[in-house]
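This is what each chain is made of:
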Amino acid sequence: MTAAITDAVHGVDATAVLGLLPARPLLLALGEPTHGEDTLLRLRNDLFRQLVEQEGYRMITMETDCLRGLVVDEHVTSGVGSLDEVMERGFSHEWGAFPANRELVRWMRAYNDGRPASEQVRFAGFDGPLEITGAASPRPALTALTAYLADRADTDLLPCTAETLDDLLGADERWTDPAAMRHPSESVGRTPEARQLRLLADDLATLLDAQAPHLVAVSTPDEWFRARLYARTATGLLHYHYWTADPTPARLTRLLALRDSMMAANLLALAERGPALVNAHNGHLQRDRSTMRMGGAPLRWWSAGAIVSTHLREEYAFLATAVGTIRHQGVDTPDPDTVEGMLYALGQDRCVVDARRLATTLGGLSPRVSPWFGYSPLDPARVVNTDGVVFVRDSRRG
């Protein structure tokens, strides 16, 4: 089977990647099967640098908090804040500690230095303000949206004052209590105050849309983009908190689906601004329905990539990354009857493979079983719905 795809295997560079596609896509997504692996992140950095310098991409977005990402964007475009501060404040999931992420931010700042705004490469997070331990308070998004509207719209149209919002929000610790993820009864998402906040957030978002002609005229493009981001985030977080308080068996499925829906909305908004490079877990970027088992129960929901590709069609491209070994995590040489085993036999340290050509050779292969919960092997059945597979033979410690 390896011989059958030899001419569909190429080195990992911008030319080879775009050669797999009919045209340069609006969103070019590079997935990863696990987070935090230095080898994979450095490969991403190399490829994204080429795509910025050679192909005109001017946005890099990652699976990190969309509001925190504004801190990174301000730094790479204007030099605001030290690199240490930006890495600490600008990333969720503790990703600011990854050396390769730090190198990417440093490179983006150096690339932009002295360039006009129209030629600068921007940064964005496209995840919601969410962690495994729970969701953030909606306060930052709600107060920023209210302040934006109060400065630019008729104040008589505002559904509430900032003081009313503050009273309804209460202490942020009520929203971020990690006990809520384990016990729905500990969530504030269905309290009378939270229900009223959901209505007010909806009214604020509706006012933003209704006043769009005026607001766009009196705002910079960045101000308008951020206002819409605040509206999406406020309403999304309040929905998330509402379903965190759900006591039914559908709770976890709804939360997973809401997160990917928030991701998809942010990606579609970024696509309106121009071509963007996307990096996240394969499971968030794939065109297929996502699945996992939690608490012994199977969960299924539509990924952000599936939602985005429904809207953008051929303007969305997805490359999945597969890995042969991650020995420091107990992931050893793959069995030959798996996708990873077949690619491992090629003997190349890293390569990109035409996924549709690869899919024709996968009959009879089995999904790889991961010995480490943090790594998700590539399912042979899903290869046909990707545009390319980036393969890294051995992922090593940084």
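Since the structure is predicted, the reported quantities are computational estimates derived from the model, not experimental observations. (Residues numbered from 1 in each chain as written. Predicted model: local features only at pLDDT ≥ 70, side-chain atom pairs only at ≥ 80, totals over all residues. Heavy atoms only, no water.)

## A look at the overall build of the protein
When helices and strands are tallied, the protein shows 17 helices and 12 strands. Here the protein, with 398 residues, has 53% of them falling under the buried criterion. For the protein, the proportion of contacts with a sequence separation of at least 24, taken over those separated by at least 6, is 78%. About 17200 Å² of surface is accessible on the protein, with carbon and sulfur atoms providing 51% of the total. Across the protein, the mean location of the 40 positive side-chain charges is 4 Å away from that of the 52 negative side-chain charges. (Helix = DSSP H or I, 4+ residues; strand = E, 2+ residues; numbered from the N terminus. Buried < 20%, exposed > 50% of the residue type's maximum accessible area, 1.4 Å probe, protein only. Contact = heavy atoms within 4.5 Å. Areas by Shrake-Rupley, 256 points an atom, 1.4 Å probe, with all protein chains shown as cover. Lys, Arg positive; Asp, Glu negative; His and termini not counted. Charge placed at Lys NZ, Arg CZ, Asp CG, Glu CD.)

## A short note on the sheet that holds strand β10 (residues 316-325)
Sheet strands associate in pairs through backbone hydrogen bonding, adopting either a parallel or an antiparallel arrangement. Read across the open sheet, the 8 strands follow the order β1-β11-β12-β10-β2-β7-β3-β4; overall the sheet is mixed. In the strand order of this sheet, the two ends are held by β1 (9-10) and β4 (122-127), each with one partner. Inspection of the sheet shows strand β3 (residues 59-65) paired to strand β7 (residues 276-281) by 3 bridges, in the parallel sense. Bridged to M62 within β7 is N279. (Pairing = 2+ DSSP bridges.)

## Remarks on the nonpolar core
Ranked by internal contacts, the top residues of the largest apolar core, which has 44 residues, are L28, L51, I60, F91, V105, M108 and L277. The element that contributes the greatest number of residues to this core is helix α2 (residues 38-55), accounting for 6 residues. Residues within four places of I60 in sequence aside, it is in contact with F48, V52, L104, W107, M108, V121, R122, F123, A124 and L277. Membership of the second largest hydrophobic core comes to 40 residues, among which are M59, L267, A269 and A271. (Core = buried A, V, L, I, M, F, W, Y, C linked by side-chain atoms within 4.5 Å.)

## Quick word on the packing of helix α3 (residues 69-78) against helix α5 (residues 99-112)
The contact between α3 and α5 brings their axes to 7 Å, and the two run at 40 degrees. Classed by the angle they form, the pair α3 and α5 counts as oblique. When α3 is examined against α5, the residues V72, H75, V76, T77 and S78 are found in contact with a partner set consisting of V105, M108, R109 and N112. Its residues placed into classes, the contact of α3 with α5 shows 4 nonpolar, 4 polar and 1 charged. (Axes fitted to C-alpha atoms, helices over the stretch in contact; angles between N-to-C directions. Parallel < 35°, antiparallel > 145°, perpendicular 65-115°, else oblique. Nonpolar A, V, L, I, M, F, W, Y, C, P; charged D, E, K, R; others polar.)

## Some thoughts on the packing of aromatic side chains
Considering all chains together, one arrives at 5 aromatic pairs under this definition. With centroids separated by 5.2 Å and ring planes inclined at 85 degrees, the aromatic side chains of Y242 and W243 adopt a geometry described as edge-to-face. On the accessibility criterion, Y242 (15% relative accessible area) is buried. Ring centres of W372 and F373 lie 6.4 Å apart, and the angle between their planes is 70 degrees; this geometry places the pair in the edge-to-face category. Looking at R273, its charged tip hangs above the ring of F225, at a distance of 4.2 Å from the centre. (Phe/Tyr/Trp six-rings, centres within 6.5 Å; stacked < 30°, edge-to-face > 60°. Lys NZ or Arg CZ within 6 Å of the ring centre and 35° of its normal.)

## A word on the pairing of β7
As a general feature of sheets, a regular strand has side chains that alternate between the two faces. For β7, a buried count of 6 out of 6 residues is recorded, marking the element as mostly surrounded by other parts of the structure. Note that strand β2 (residues 27-32) and β7 share 6 bridges and pair parallel. Opposite L28, over in β7, you have L277 as the bridge partner.

## Structural notes on unusual backbone geometry
Phi is mostly negative for residues that are not glycine, and the peptide bonds are mostly trans. With a phi angle near 65 degrees, E94 is a residue other than glycine that sits in the positive phi range. You can see E94 is positioned in the loop between α4 (83-89) and α5. Accessibility expressed as a relative area gives 69% for E94, which makes it exposed. Of note in this structure, R313 is not a glycine but carries a positive phi near 50 degrees. As for its position among the elements, R313 is in the loop between α15 (304-312) and β10.

## Overview of the pattern of salt bridges
Scanning all chains against the criterion turns up 20 salt bridges. Between R122 and D222 there is a salt bridge, with its nearest N and O atoms 3.1 Å apart. Linking R122 in strand β4 with D222 in helix α12 (residues 221-244), this pair joins segments that are 100 residues apart in sequence. On the basis of relative accessible area, R122 is assigned to the buried category, the value being 18%. Salt-bridge contacts for D172 lead to R139; the nearest nitrogen and oxygen are separated by 2.8 Å. Here D172, found in helix α8 (residues 172-176), pairs with R139, found in helix α6 (residues 139-152); they are 33 residues apart in sequence, far enough to count as distant. On the basis of relative accessible area, R139 is assigned to the buried category, the value being 17%. Through salt bridges with shared partners, a single network forms among D73, R122, D222 and R273. (Salt bridge = Lys/Arg side-chain N within 4 Å of Asp/Glu carboxyl O.)

## Some thoughts on α15
A304, G305, A306, V308, S309 and L312 are the residues of α15 that are buried. Tucked into the core, α15 has its buried residues touching β2, α13 (251-271), α14 (282-285), β9 (297-302) and β10. Backbone geometry just downstream of α15 places R313 in the positive-phi region, at approximately 50 degrees.

## Considering the pairing of β10
Within β10, 10 of the 10 residues are buried, which leaves it mostly tucked inside the rest of the structure. Where β2 lies against β10, 4 bridges are found, and the strand directions are parallel. Within β10, the residue paired with L27 across the bridge is Y316. Sheet topology note: the β10/strand β12 (residues 388-394) ladder contains 6 bridges and is parallel. Among the inter-strand pairings, T325 is bridged to a residue of β12, identified as D394.

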